[in-house]
Amino acid sequence: MAPILEINNLYKNYGSVEILKDINVSIEQGDFLVLVGPSGCGKSTLLNCIAGLEPISGGNMAIAGQDMTNVSPKDRDIAMVFQSYALYPTMTVAKNITFGMKVRGVEQSVQDEKLAYVAQQLQIEPLLNRKPGQLSGGQRQRVAMGRALVRDPKLFLFDEPLSNLDAKLRVEMRTEIKSLHQRLGASMVYVTHDQIEAMTLATKIVVMKGGVIQQIGTPAEIYTRPANLFVADFMGSPAMNLIPAKTKANGSGTQIEIARKEGAPIVLTDTRNQNLPENVIVGVRPEDIADAALGRVGDTQEAECLIDIVEPAGADTFAVMQLGGKHVTARLHAETDATAGEAQKLAFDLAKVSYFEPDTGLRLN
Amino acid sequence: MTKWLEENTPKLVLAPSFVAVLIFVYGFIAWTAWVSLTRSRLLPKYEIDGFIQYDRLFSSPRWDTAFSNLFVFGFLFIVIAMVLGLILAILLDQNIRTEGAIRTIYLYPMALSMIVTGTAWKWILNPGLGLEATVRGWGFENFTFDWLVNPDMAIYTVVIAAIWQSSGFVMALFLAGLRSVDTEIIRAAQVDGIPTWRVYTAIIIPAMAPIFLSAFIVLSHLAIKSFDLVIALTGGGPGYATDLPATYMYAMAFSRGDIGQAASSAMIMMLVVFAIIVPYLYSELRSKDG
Amino acid sequence: MADMSYTPTQTGSSAGKIALRWGLYIMLGLFALFYLMPLFVMVTTSFKSLEEIRTGDLISLPREFTFDAWQTAWSGACTGIQCEGVRPYFWNSVLIAIPAVLLSTLIGALNGYVVAQWRFKGANLFFALMLFGCFIPFQVVLLPMARMLGLMGLAGTIPGLIFVHVIYGLGFTTLFFRNYYVSIPAELTKAAKVDGAGFFRIFWSIFLPLSLPIIVVTIIWQFTQIWNDFLFGVSFSQAGTQPVTVALNNIVNSTTGIKAYNVDMAAAIIAALPTLFVYVVAGKYFVRGLTAGSVKG
């Protein structure tokens with residue numbers, strides 16, 4: 001079967017400004033694709049291009065095997081949920097949901113049937129006769145979803161649909177969208193600047209920056225094997241520690257030397273990686289630095305580090321120290337006895353370390 | 001075909017207006033500019049003959065009066081209307097209980113035609129039976145108020161009537177401006193113990209600079225286009241003491257049959273408007289794009 | 001302690017405050033008199049007989065009310081050689097204003113909708129050209145327009161005046177609608193496009209129902225402008241097609257017979273009534289139009 005969405009060599013310019021450069025993405029039926037990146041990275045423009053709301057400047061695009069490059073939005077068999085929800089202010093909730101069917105001349109009885117089904121799915125039956133102005137943010141969000149669901153399209157498009165909600169509601173709706181996706185088995189493209197949303201929802205993530213795709217992969221791939229410094233820094237919270245270091249060949253492995261403000265450098269030995277250049281940036285997730293005293297798994301190496309700040313956060317305790325001239329955060333077990341201003345023996349999990357070339361920022365291992 | 005139509009509907013909808021503006025605004029300005037450079041009299045001629053019409057214009061004593069009247073009238077009208085409008089706005093900004101009613105009273109003249117305004121003030125200011133006669137009737141036998149028929153003073157009656165008509169509008173603009181100043185800044189000043197008048201002079205009025213500019217633009221625009229008011233109030237008289245460029249242009253075009261003079265005086269009017277509007281519009285459009 | 005020393009100054013200033021308050025109300029009242037006086041004089045004069053006017057007291061109420069002047073102004077006063085009052089010209093103004101207001105509002109709404117929501121290359125240029133057209137002194141287009149109306153066979157006709165008012169009203173109506181629609185999120189149009197609606201469907205089903213306030217503002221603005229117009233009326237009409245403002249001016253300035261000030265005033269009030277009525281019933285929208293027309297962009 002053809003991929004549900006296939007984008008080849010897509011370019012988008014506004015005048016002489018290149019907004020999107022050589023975008024290639026394809027997803028299968030049932031995939032949940034998340035486009036993530038900082039604001040201005042072109043992710044919303046890409047979504048608008050997929051919807052046909054923005055003409056593309058080069059390349060082509062197909063939905064379910066049919067070329068859509070020059071097809072208008074209404075003929076693409078898509079539905080879209082917008083950041084501001086874009087509910088029609090003068091229409092009731094019911095009319096908002098059925099407007100598309102009305103425009104298409106769908107029979108009234110079919111309209112009623114679909115409306116009832118969607119309203120029941122989203123539990124918005126009591127709201128059907130209200131106007132958008134009388135709804136809360138979460139309710140508007142549901143109506144906007146309803147307007148998309150009723151289309152039963154080949155492809156759902158979401159443009160930062162949760163960013164106008166408060167934190168609690170955002171988590172609730174996130175779960176709801178995920179369960180909806182699992183229930184319907186529908187294909188979705190979802191834009192967000194929130195990397196947690198991306199991680200939790202996606203089956204496939206596209207990380208973008210400056211109109212260029214930085215990495216495509218499953219959430220796990222993106223998280224554990226970021227393709228470059230940008231992805232490493234952008235995905236994950238707290239961010240991956242990126243520590244400048246010097247390397248030296250050491251038998252079958254590599255010896256890694258991290259400078260410290262005071263005292264001797266930390267020296268760790270990685271037995272898996274060879275042929276690293278002399279200067280590298282070592283990427284370590286905070287959770288891959290553990291309290292040595294509290295037991296550990298995997299191929300770890302220990303080092304004494306001076307802890308500057310301790311931040312208890314309930315389930316975890318974050319410890320911040322200075323390594324290689326950078327603030328380095330470790331996610332320690334809540335029971336740690338790490339104390340600010342004192343040295344603590346920490347275990348570094350070298351099996352999960354990433355190496356990056358300092359100048360190009362590209363991944364080395 | 002339908003695809004093309006779908007994509008180009010917005011342009012097609014705009015097209016008639018676009019063509020209309022090109023012809024009836026810009027085309028016509030070009031026509032007038034062209035004719036102002038010819039020897040046209042009763043009928044337009046199209047052979048360019050230099051600035052002869054402008055020479056005639058600026059050597060005509062009637063135009064001289066009209067042009068200097070524009071500056072006298074414009075200056076007094078704009079300054080007084082703005083000062084009065086600002087005072088009224090500040091007075092009304094003091095939590096007046098009957099604000100709605102008072103605002104309605106101050107602003108209603110703006111709904112009237114200038115012809116109506118002119119007619120009313122012509123009656124009030126006429127020396128024979130109007131204000132002068134009334135005050136004399138009260139026992140002030142020597143009271144004289146004959147500006148309307150006094151060639152040296154008649155232009156000031158136009159100023160009075162114009163201010164009466166427009167100052168309420170300036171008040172409304174300023175009042176909206178006063179209300180749009182961030183109340184937190186005002187509260188902060190009050191907490192700091194700054195007296196009310198200082199809050200106005202040091203914080204609120206400087207924050208309203210854009211409103212002053214808008215008011216100035218609108219009033220100067222009104223002043224340059226003033227035509228109806230002069231026609232109804234003084235008819236340009238006594239003699240042509242209260243002529244403005246607008247009435248001069250009209251007289252040349254429709255009663256004197258001197259198209260060349262009409263065109264050149266219209267062009268001068270437009271240049272005066274441009275001198276004021278172009279920098280304004282330019283900065284407005286630029287700030288919108290940025 | 002600080003409280004105690006502060007209290008006396010507070011009472012002192014509140015006495016001053018009361019005086020200030022009175023001064024304030026007196027000032028406001030005097031200004032109100034200044035604005036009301038001409039209207040008062042017009043109304044009282046219109047109900048006086050000519051004899052009473054000749055005694056020369058502007059401010060006094062009429063000793064005996066008479067509607068003669070109103071009767072004459074409506075149907076008997078002379079505008080030059082014709083003596084039919086302002087009635088036929090009043091209806092001319094109605095016939096000019098209604099179609100001109102409706103047409104210019106409708107076209108302005110469509111233009112504003114395109115400029116604000118269907119941006120394309122050149123749309124901003126169009127808007128700038130339009131905006132600029134709002135500011136030109138109309139004297140600069142009078143001569144060519146007179147010739148153009150002649151060429152179109154519309155010289156001196158009511159359709160001709162309607163045409164002129166629509167053309168030169170478009171700048172403001174487009175501006176009003178553009179500024180209103182530009183604040184409506186573009187996502188609404190996008191959502192409707194995805195829903196399958198086209199250009200006119202979106203305008204009709206989504207934007208027009210949202211537009212009531214700006215439609216009222218625009219209609220009031222245009223009506224006031226067109227009803228009160230004198231320049232186009234006097235330039236492009238002929239005997240029989242003149243609007244009421246031109247007729248009023250002719251009555252006031254007609255040199256035949258004795259000056260009937262009461263008739264002048266009655267005619268002036270008649271000419272002013274429609275716009276005054278609009279102002280009284282929809283003042284809020286009137287003011288909004290005025291301020292929107294001046295605070296541009």
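Residues numbered from 1 in each chain as written. Chains lettered and ligands numbered in written order. Predicted model: local features only at pLDDT ≥ 70, side-chain atom pairs only at ≥ 80, totals over all residues.

### A closer look at the overall build of chain A
Secondary structure summary: chain A contains eight helices and 20 strands in total. If you line up chain A on its principal axes, its C-alpha atoms span 80 × 45 × 35 Å. Counting all 365 residues of chain A, 42% fall into the buried class. Counted over contacts in chain A with a minimum sequence separation of 6, partners at least 24 positions apart contribute 65%. (Helix = DSSP H or I, 4+ residues; strand = E, 2+ residues; numbered from the N terminus. Buried ≥ 20, exposed ≤ 12 C-beta atoms within 10 Å, placed from the backbone. Contact = placed C-beta atoms within 7 Å.)

### A closer look at the overall build of chain B
Helix and strand content of chain B: 13 helices and zero strands. Going from the N terminus to the C terminus, chain B shows its helices and strands as α-α-α-α-α-α-α-α-α-α-α-α-α. For chain B, whose C-alpha radius of gyration is 24 Å, the value lies well above the compact-globule estimate of 19 Å for 290 residues. Overall size of chain B, expressed as C-alpha extent along the three principal axes, is 75 × 70 × 35 Å. Looking at chain B as a whole, 44% of its 290 residues qualify as buried. Across chain B, every contact between residues at least 6 apart in sequence was considered, and the portion connecting residues at least 24 apart equals 69%. (Rg over C-alpha atoms; globule rule 2.2 N^0.38 Å.)

### Here's the deal with the sheet that holds strand E1 (residues 5-14) of chain A
Residues and elements named next belong to chain A. With antiparallel pairing, four strands are arranged side by side in an open sheet as E2-E1-E4-E5. Only two strands of the sheet have a single neighbouring strand rather than two, namely strand E2 (17-27) and strand E5 (66-67). Alignment of E1 against strand E4 (residues 58-63), held across five bridges, turns out to be antiparallel. In the sheet register, Tyr 11 faces E4, and the bridge partner there is Gly 58. (Pairing = 2+ DSSP bridges.)

### Things to note about the interface of chain B and chain C
With 79 residues of chain B in contact, the opposing surface of chain C contributes 72 residues. Sort the elements by how many residues they give to the side of chain B that touches chain C and helix H1 (residues 2-35) of chain B lands first, with 17 residues. Among the residues forming the side of chain B that touches chain C, the class breakdown is 59 nonpolar, 14 polar and six charged. (Nonpolar A, V, L, I, M, F, W, Y, C, P; charged D, E, K, R; others polar.)

### Comments concerning the nonpolar core
Counting residues in hydrophobic clusters, the biggest one holds 286 residues, and the most contacted among them are C:Val86 and C:Ala267. At 15 residues, the largest contribution of residues to this core is made by helix H7 (residues 154-180) of chain B. Both domain 1 (5-234) and domain 2 (241-356) of chain A contribute no fewer than three residues apiece to this core. Leave out the neighbours within four places in its chain, and C:Ala267 touches C:Ala73, C:Ala77, C:Val86, C:Leu248 and C:Ile251. (Core = buried A, V, L, I, M, F, W, Y, C linked by C-beta atoms within 7 Å. Domains from an automatic or database assignment.)

### Comments concerning the packing of helix H4 (residues 87-117) of chain C against helix H10 (residues 212-228) of chain C
Residue and element names in this part refer to chain C. Two numbers describe how H4 lies on H10: the axes approach to 9 Å, and their chain directions differ by 140°. What the angle tells us is that H4 and H10 run oblique. Between H4 and H10 the crossing geometry is right-handed. Note on element contacts: H10 touches H4 through Ile 215, Thr 218, Ile 219, Gln 222, Phe 223, Ile 226 and Trp 227, opposite Ser 93, Ile 96, Ala 97, Ala 100, Val 101, Ser 104, Thr 105 and Gly 108. Broken down by class, the residue content of the contact of H4 with H10 amounts to nine nonpolar, six polar and no charged. (Axes fitted to C-alpha atoms, helices over the stretch in contact; angles between N-to-C directions. Parallel < 35°, antiparallel > 145°, perpendicular 65-115°, else oblique. Left-handed = near helix turned anticlockwise from the far one by under 90°.)

### Brief notes about the pairing of strand E7 (residues 155-159) of chain A
All names here are of chain A. Across the five residues of E7, five count as buried, placing the element largely inside the fold. Residues Leu 155, Leu 157 and Asp 159 line one face of E7 and the alternating positions Phe 156 and Phe 158 line the opposite face, and both faces are buried. Alignment of strand E6 (residues 78-81) against E7, held across four bridges, turns out to be parallel. Directly across from Val 81, in E7, lies its bridge partner Phe 158. Both E7 and strand E8 (residues 187-192) contribute to a ladder of five bridges, which runs parallel. What sits directly across from Leu 155, in E8, is Ser 187. With helix H5 (residues 167-184) bridging E7 and its parallel neighbour E8, the resulting β-α-β unit is right-handed. (Right-handed = clockwise from strand over helix to strand, strands pointing away.)

### Examining the confidence of the model for chain B
All names here are of chain B. When pLDDT is averaged across chain B, the result is 86; 98% of the residues are at 70 or more. For chain B, the element scoring lowest by mean pLDDT is helix H6 (residues 131-137), at 80; helix H3 (residues 61-92) scores highest, at 92. In the predicted assembly, ipTM is 0.88 and pTM is 0.86. (pLDDT = per-residue confidence, 0-100.)

### Here we look at the environment of A:Leu87
Residue and element names in this part refer to chain A. Considering the arrangement of structural elements, one finds Leu 87 in the loop between E6 and helix H2 (93-103). By C-beta crowding, Leu 87 is classed as buried, having 23 other C-beta atoms within 10 Å. The spatial distance from the C-alpha of Leu 87 to the C-alpha of Gly 325 is 50 Å, given a sequence separation of 238 residues. In this structure Leu 87 touches Asn 96, Pro 132, Arg 140, Val 143 and Ala 144, once residues within four positions along its chain are discounted.

### Comments concerning the sheet that holds strand E15 (residues 289-291) of chain A
All names here are of chain A. Read from one edge to the other, the open sheet built from five strands follows the order E15-E19-E16-E17-E18, with strand pairing classed as antiparallel. With one partner strand each, in any of the chains shown, E15 and strand E18 (326-333) form the two edges of the open sheet. In this sheet, neighbouring strand axes are inclined to one another by 50° on average, regardless of whether the strands run parallel or antiparallel. Pairing between strand E16 (residues 300-312) and strand E17 (residues 316-323): five bridges, direction antiparallel. By the bridge assignment, Val 310 is partnered in E17 with Ala 319.

### Concerning unusual backbone geometry
Residues and elements named next belong to chain A. For the peptide bond that leads from Ser 237 to Pro 238, omega is -5°, which places it in the cis range. Inspection of the secondary structure assignment puts Pro 238 in the loop between helix H8 (229-234) and strand E11 (241-250). One non-glycine residue, Asn 9, lies in the positive phi region at around 50°. Summarising the element assignment, Asn 9 is placed in strand E1. The backbone phi angle of Gln 123 is positive, close to 55°, even though this residue is not glycine. With respect to the helices and strands, the residue Gln 123 is situated in the loop between helix H3 (108-122) and helix H4 (137-149). Owing to 10 C-beta atoms within 10 Å, Gln 123 belongs among the exposed residues under this scheme.

### Let's talk about helix H12 (residues 244-253) of chain C
Burial analysis of H12(C) places nine of its ten residues in the buried class, which makes it a mostly covered element. For H12(C), the complete set of buried residues consists of C:Val244, C:Thr245, C:Val246, C:Ala247, C:Leu248, C:Asn249, C:Asn250, C:Ile251 and C:Val252. Contacts from the buried residues of H12(C) go to helix H5 (114-125) and helix H11 (228-233) of chain B together with H4, H10, helix H11 (231-236) and helix H13 (261-281) of chain C.

### Notes on the domain arrangement of chain A
All names here are of chain A. Splitting chain A by domain gives domain 1 (5-234) and domain 2 (241-356). A separation of 39 Å is found between the C-alpha centroids of domain 1 and domain 2. Taken residue by residue, the interface counts seven residues in domain 1 and six residues in domain 2. The leading source of residues in the side of domain 1 that touches domain 2 is H8, at three residues.

### So, the environment of A:Ile289
Residues and elements named next belong to chain A. With respect to the helices and strands, Ile 289 occurs in strand E15. Overall, the presence of 24 C-beta atoms within 10 Å leaves Ile 289 in the buried class. Considering only alpha carbons, one finds Ile 289 and Ile 216, 73 residues apart in sequence, at a separation of 27 Å. Once you skip the residues sitting within four places of it in the chain, Ile 289 turns out to touch Val 284, Ala 330, Leu 346 and Phe 348.

### Some remarks on the pairing of strand E9 (residues 204-209) of chain A
Residues and elements named next belong to chain A. As defined by bridge partners, strand E3 (residues 32-36) adjoins E9 across four bridges and the pair is classed as parallel. From the neighbouring strand, Val 36 faces E9, where its bridge partner is Val 207. Pairing between E9 and strand E10 (residues 212-217): five bridges, direction antiparallel. Of the residues in E10, the one forming a bridge with Ile 205 is Gly 217.

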